[in-house]
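# Coordinate analysis (summary)
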Amino acid sequence: ISSRGTAMGMADNSIVYINDGAEISGNYSSYNGGCIYNNGGTITMNGGKIKNNYAVRTNGTAIMLHQNNATFIMNGGEICSNSGLPAEGAGHCCAIYLHSTGIMIMNGGSICHNTGMTNGGVMVMNSTAKLTVTGGYIGENENLYAKNPNFGSLDLILGHADILNFASAKISGGTFTQDVTEYCE
């Protein structure tokens, strides 16, 4: 799938499977979800690739999990080489952005080589959003806002820059290129 704008918009109870051989790439969005905007559906990624998507003034250069228990289950595959820059200071431009009641469960796969303004990897913005990591790899993501010491070159940001522990995360496995021990079970 490749398009000008978000490739896929999901609403309540919609279901999408991304399996081996699937590729979602080359999308450009000027609003939330450079590739997939999920507002109540369930995405299960067992394989395939989400790559080379670009977003401006957005939260989630690859995927935004907004509200209504929007869910992303990652069992395999790659989310890589997605990038974005906020316009006029709006948007965080990470690969995966969990907002409101977004839910992400990562059992496998990799999230790497993504570039964003505040972080390139995964950002959990609210205490009601839930991230669970049992396996997989999150690393080698780039932060373009490295001048802010609250961000550094993080692959995973939980909460606002000023309140890093604001959100809820449970990590019991996986590989990271930053210290996530305070979130481990």
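Residues numbered from 1 in each chain as written. Predicted model: local features only at pLDDT ≥ 70, side-chain atom pairs only at ≥ 80, totals over all residues. Heavy atoms only, no water.

## Topic: the overall build of the protein
Helix and strand counts for the protein come out as zero helices and 23 strands. For the protein, buried positions account for 52% of its 185 residues. Pairs at least 24 apart in sequence give 79% of the contacts found in the protein among residues at least 6 apart. Roughly 7,700 Å² of accessible area belongs to the protein as shown, and the carbon and sulfur atoms make up 48% of that amount. (Helix = DSSP H or I, 4+ residues; strand = E, 2+ residues; numbered from the N terminus. Buried < 20%, exposed > 50% of the residue type's maximum accessible area, 1.4 Å probe, protein only. Contact = heavy atoms within 4.5 Å. Areas by Shrake-Rupley, 256 points an atom, 1.4 Å probe, with all protein chains shown as cover.)

## Re the pattern of salt bridges
Throughout the structure, instances matching the rule amount to one salt bridge. For E23, the salt bridge goes to K51, with nearest N and O atoms at 3.9 Å. Here K51 lies in strand 7 (residues 49-51) and E23 lies in strand 3 (residues 23-25), a separation of 28 residues in the sequence. By relative accessible area, which is 38% here, E23 ends up partly exposed. Judged by relative accessible area, K51 falls into the partly exposed class, the value being 21%. (Salt bridge = Lys/Arg side-chain N within 4 Å of Asp/Glu carboxyl O.)

## Comments concerning the state of the cysteines
Here the structure, examined in full by the defined rule, presents zero disulfides. A disulfide-free cysteine, C80 has its sulfur positioned 5.6 Å from the sulfur of C112, the nearest such atom. (Disulfide = S-S within 2.5 Å.)

## Quick look at the nonpolar core
Grouped together as the largest cluster of nonpolar side chains are 30 residues, with contacts concentrated most on I79 and I96. Excluding its chain neighbours within four sequence positions, the residues that come into contact with I79 are M45, I50, A62, I63, F72, M74, A95, I96, S110, I111, C112 and N114. (Core = buried A, V, L, I, M, F, W, Y, C linked by side-chain atoms within 4.5 Å.)

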